[in-house]
Amino acid sequence: MSGRSSFGKAKGIILLFVKFLAFFPGFIKSLVYRASFFSEGTIGLLVRYAVNKSRCNKVGDACYFAAYTVLKNCSEISIGNYVSIHEFCYLDGSGGIAIGNNVSIAHGCSVITFDHGWEESDIPIKYNKVINNNVNIEDDVWVGAGVRILAGSYIESRTIVAAGAVVKGRLESGWVYGGVPARKLKKL
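Cut-off values and rules
Residues numbered from 1 in each chain as written. Predicted model: local features only at pLDDT ≥ 70, side-chain atom pairs only at ≥ 80, totals over all residues. Heavy atoms only, no water. Phe/Tyr/Trp six-rings, centres within 6.5 Å; stacked < 30°, edge-to-face > 60°. Lys NZ or Arg CZ within 6 Å of the ring centre and 35° of its normal. Pairing = 2+ DSSP bridges. Helix = DSSP H or I, 4+ residues; strand = E, 2+ residues; numbered from the N terminus. Core = buried A, V, L, I, M, F, W, Y, C linked by side-chain atoms within 4.5 Å. Buried < 20%, exposed > 50% of the residue type's maximum accessible area, 1.4 Å probe, protein only. Contact = heavy atoms within 4.5 Å. Polar contact = N/O pair within 3.5 Å; in protein donor to acceptor, adjacent residues only side chain to side chain. Salt bridge = Lys/Arg side-chain N within 4 Å of Asp/Glu carboxyl O. Expected span 1.5 Å × (residues − 1).

A.B. asks: Quick one: what's the story with the packing of aromatic side chains, residue by residue and with numbers?
C.D. replies: Evaluation of the coordinates by the stated rule reveals one aromatic pair. Sitting above the plane of the Y154 ring, R170 keeps its charged end 4.1 Å from the centroid.

And the structure:
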């Protein structure tokens, strides 16, 4: 049975669990989420989905959050339907993240929505102003393993980003991108 059909059959129970989690403060949700890292099975998957649905701005139907995924500043993250985020991914939504439907983000990827300024030379760079800039990933995007998506990036629909690429800027629909920085490799 596919994940979509399993989700469809259990959707009522899952949404009830999400409503139950809404009564708990954020730090409790974080503890439950971290504890779910150690559960590779259906229960861990259910817990990670429910916690993220209760913490994020939006999480659609049948989304897969693998063990060891980290989502920070969740209130600024919106995720569509049928999205899969695999092991060891890191998403920081401080500047805003919008992910469409049918997106797959392979293991070990990062989505960062902020940069550090460096204009104030009398203080260390790490203490300079933080500049937030959103990331948008449209529908039907495949992000390969180990990709880094940086602040201000926009990935149009029906795009593949090859493993290990670094994305900064806009990627046009209908292409495979790869490299550092990511550039067009092949038309789909």
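A.B. asks: Help me get a handle on the sheet that holds strand 15 (residues 154-155), residues and values and all.
C.D. replies: The strand order across the open sheet formed by six strands is 1-4-7-12-15-18, and the pairing between neighbours is parallel. Looking along the sheet, the strands with just one partner apiece sit at the ends: strand 1 (58-59) and strand 18 (170-171). In this sheet, strand 12 (residues 135-137) lies alongside strand 7 (residues 97-99) in parallel orientation, the contact comprising three bridges. Each residue of the ladder has a partner; that of I97, found in strand 12, is V135.

A.B. asks: Break down the nonpolar core for me, with residues and values.
C.D. replies: If you look at the biggest cluster of nonpolar residues, it comprises 41 residues, and the most contacted ones within it are F65, L71, I79, L91, I99 and I149. Elements with a minimum of two residues in this core: helix 1 (3-21), helix 3 (42-55), strand 4 (77-79), strand 7, strand 12 and strand 13 (141-143). When near neighbours in sequence (up to four residues on either side) are disregarded, I149 contacts S110, V111, I112, V135, I137, V143, I155 and V167.

A.B. asks: Can you lay out the side chain of S54 for me, pointing to particular residues and giving the numbers?
C.D. replies: Position of S54 among the secondary structure elements: in helix 3. Of the polar contacts made by the side chain of S54, one reaches the backbone oxygen of V51; its length is 2.8 Å. If sequence neighbours within four positions are ignored, S54 has contacts with V18, L21 and K29.

A.B. asks: Describe the pattern of salt bridges, listing the residues and the values that go with them.
C.D. replies: Summed over the entire model, instances satisfying the criterion amount to four salt bridges. Two residues, D115 and K168, come together in a salt bridge whose shortest N-O distance is 3.6 Å. Linking D115 in strand 10 (residues 114-116) with K168 in the loop between strand 17 (166-167) and strand 18, this pair joins segments that are 53 residues apart in sequence. E172 is paired through a salt bridge with K184; the nearest N and O atoms lie 3.4 Å apart. One end of the pair, E172, is in the loop between strand 18 and strand 19 (175-178); the other, K184, is in strand 20 (residues 183-187), with 12 residues separating them in the sequence.

A.B. asks: Tell me about helix 3, and please be specific about residues and values.
C.D. replies: In this model, helix 3 (14 residues) spans 20 Å end to end at C-alpha, consistent with the 20 Å of a helix rising 1.5 Å per residue. Among all positions of helix 3, only G44, V47, R48, Y49, A50, V51, N52, S54 and R55 are buried.

A.B. asks: Lay out the environment of D139 in plain terms, naming residues and giving numbers.
C.D. replies: By secondary structure assignment, the location of D139 is in the loop between strand 12 and strand 13. Given a relative accessible area of 35%, D139 falls into the partly exposed group. With 53 residues separating them along the chain, D139 and H86 place their C-alpha atoms 17 Å apart. In contact with D139, not counting residues within four places along its chain, are G100, N101, V103, S157 and R158. Among the polar contacts made by the side chain of D139, one reaches the main-chain amide nitrogen of N101 at a distance of 2.7 Å.

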